[in-house]
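Breakdown of the fold
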Amino acid sequence: MIEVKGLTKYFDGEKAVENLSLHVHKGSIFGLLGSNGAGKTTLLKTIAGIYRADQGEITLEGQGVYEQPEVKNRMIFLADQPYFFPQTSIKQMASFYRAIYPHWSEERFQQLAPAFASIDMKRKLHRLSKGMQRQASMWLALSCKPDVLILDEPIDGLDPVMRRQVKNLLFQETAEREMTVIISSHNLREIEDLCDHVGIMHKGKLLVEKELDDLKADTHKIQVAFRDERHEHAISSLLDVVYKEERGSVGIYIIKGEIERIKEVFSVYTPYVFDILPMTLEEIFIYEMGDAGYDVQPILL
Ligand SMILES: Nc1ncnc2c1ncn2[C@@H]1O[C@H](COP(=O)(O)OP(=O)(O)OP(=O)(O)O)[C@@H](O)[C@H]1O
């Protein structure tokens, strides 16, 4: 539904995003991860039609985004720092959104009021706390009934109850009316909880784009011990071992590939300990970044 093809975006002659292609399915929640300065905000703003691509194209259901205001109006971009007009309350901002966004739903705005009950409707938004301002921007965004909601680190400043609330609202909107969400965050637990697809960026490039389940199925953490240490060399030559650490007589391996193949190779050497340990998205992220040349110190979580 959203197709990014060969996108390159420069700032001052430097590439912030380089020849990046990406596909986001309708109704999906796509998590964008990456190192600082990887180009996530630049990519999100270009998808939203705020920046113009220097090369490549971005389409929403086949229609170019940047050139067409009616396509842009189907998307809402929430920045990490919410912006409101000076001296406005949420009620006044709602009037502004109503005038601008054709799909604004007064009914949805009223329905969502209990979820954002802590926001005083008459209070000036700039006097609210950072987290409350984020709540206000989420309330306004969801009331626009966007087809695509693009969120640049929006949840990170919310308290745990509100985070759960907002996540539930996102699940509801994607399930009931197939809203598509693209969300960037450094909080990998949130991404793991929320997203069905993930992309990992580093230095302007997309290293990985996969279904979260496939990404998890492709990397494994194995705890193993052999009576004969020489077997370890054989293992490393037969499997794609991306990391290995000794803990006493036990070795911890991070290995990419199919789990059945991994089991088969290990079983030949009859280890007396062989456990497959659960791997978090945070660990997968760290090892993917290491693979891409990011200076990752050995970290097993
Ligand atoms: N408006 C701008 N003018 C000049 N350079 C920019 C601008 N916006 C981003 N950049 C540069 O583009 C690169 C990518 O920045 P971007 O903000 O997209 O990264 P990011 O992945 O969102 O980073 P972070 O995780 O730190 O927020 C960086 O080198 C940054 O300095």
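Rules used in this analysis
- Residues numbered from 1 in each chain as written.
- Predicted model: local features only at pLDDT ≥ 70, side-chain atom pairs only at ≥ 80, totals over all residues.
- Helix = DSSP H or I, 4+ residues; strand = E, 2+ residues; numbered from the N terminus.
- Buried ≥ 20, exposed ≤ 12 C-beta atoms within 10 Å, placed from the backbone.
- Contact = placed C-beta atoms within 7 Å.

Looking at an unreviewed UniProt entry, the protein chain carries the name L-arabinose transport ATP-binding protein AraG, with the source organism given as Paenibacillus nuruki.

**Description of the overall build of the protein chain**
Looking only at helices and strands, one finds 11 helices and 14 strands in the protein chain. Reported as C-alpha extents along the three principal axes, the dimensions of the protein chain are approximately 75 × 40 × 35 Å. Looking at the protein chain residue by residue over its 301 residues, the buried ones come to 36%. Expressed as a percentage of contacts within the protein chain between residues at least 6 apart in sequence, the contacts between residues at least 24 apart total 70%.

**Details of the environment of F77**
Within the fold, F77 resides in strand β6 (residues 75-78). With 20 C-beta atoms packed within 10 Å, F77 lands in the buried category. Beyond its immediate stretch of four places on either side in the chain, F77 contacts L44, K45, A48, I50 and I150.

**Side note on unusual backbone geometry**
Most peptide bonds take the trans configuration, and most residues that are not glycine carry a negative phi. Here D12, not a glycine, exhibits a phi torsion of approximately 50°, which is positive. Note that D12 resides in the loop between β1 (2-11) and β2 (14-24). The backbone of E61 shows a phi angle near 45°, a positive value even though the residue is not glycine. Looking at the secondary structure, you find E61 in the loop between β4 (55-60) and β5 (63-64).

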